[in-house]
Structure formats: C-alpha cells, structure tokens
Amino acid sequence: MTFVAWIIFVLAAALEVGGDAVIRTGLRKSALAYIVGGFLMLGCYGLVVNMVKWDFSKLLGVYVAIFAVVSILVGRFVFAETIPTSTWIGLAIIVLGGCVIQFG
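The text that follows walks through the structure, step by step, so that each part is easy to find. (Residues numbered from 1 in each chain as written. Predicted model: local features only at pLDDT ≥ 70, side-chain atom pairs only at ≥ 80, totals over all residues. Heavy atoms only, no water.)

Quick word on the nonpolar core
Buried together is how nonpolar side chains tend to be arranged in soluble globular proteins. Core analysis: the biggest nonpolar cluster contains 17 residues, and Phe9, Ala12, Tyr45, Val49, Val52 and Tyr63 have the highest contact counts within it. Counting residues per element, this core draws most heavily on helix 1 (residues 3-29), at 7 residues. Among residues more than four places away in sequence, those in contact with Val52 are Ala5, Ile8, Phe9 and Leu59. (Core = buried A, V, L, I, M, F, W, Y, C linked by side-chain atoms within 4.5 Å. Buried < 20%, exposed > 50% of the residue type's maximum accessible area, 1.4 Å probe, protein only. Helix = DSSP H or I, 4+ residues; strand = E, 2+ residues; numbered from the N terminus. Contact = heavy atoms within 4.5 Å.)

Okay, structure coming up:
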C-alpha cells in the first residue's frame, strides 16, 4: 500500500467520521446547518476514498479497517467515551481482516 493511499484513506475516514459526528450533533441540537454540513462532509468522503484506483472490493475492504480505527479513536478522544475491551478486540479483528484483504 502506497503512502499516498494511506493519506487518502485517513483523510476519507476523517471526513466520514467527522461528517457523521456533525450530523449527530445537528440532530441532538435540532440544528439544520450542522446536518447540512455533515451531509457535505459525507459526500466529500465518497469522492476522496475513490481517488485510490484499486478494485472496489479491495478498496473498501482495506478502507473499512482504517475507518474502524479512526471511529474508535474519535469516540475515545473527541467524545470521551470509555471503549470496552470487547470493542478493542473487535477492532483488532477488523484490522486483521483489512491486512488479509491488502496482503492476502
């Protein structure tokens, strides 16, 4: 996996997780501007993730692992959630699956 692909995947994951977090905030505050902003971020995620010119199944298979890591870290450090051990174990399984897809 090239360095550029890693950067693209991390950027795409940040847009997807961030867009969902903004929509979540907008729904809780009844703020339409947040919802629209999150919607735009999610649209940008779709464009960014597809900049990597791989087969679709490999692309999203590997991306899901990176997305899962970013999601857990945002939950922990942005939303101050306590992440249970079972979630960390599940994350390890997802990352292992991404490695199988990438290198298998």
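Remarks on unusual backbone geometry
Even without being glycine, Ser30 reaches a positive phi, approximately 55°. Among the secondary structure elements, Ser30 is positioned in the loop between helix 1 and helix 2 (32-49). You can call Ser30 exposed: its relative accessible area is 69%. Phi is positive for Ala80, close to 55°, though the residue is something other than glycine. Tracing the backbone shows Ala80 in the loop between helix 3 (56-77) and helix 4 (85-103).

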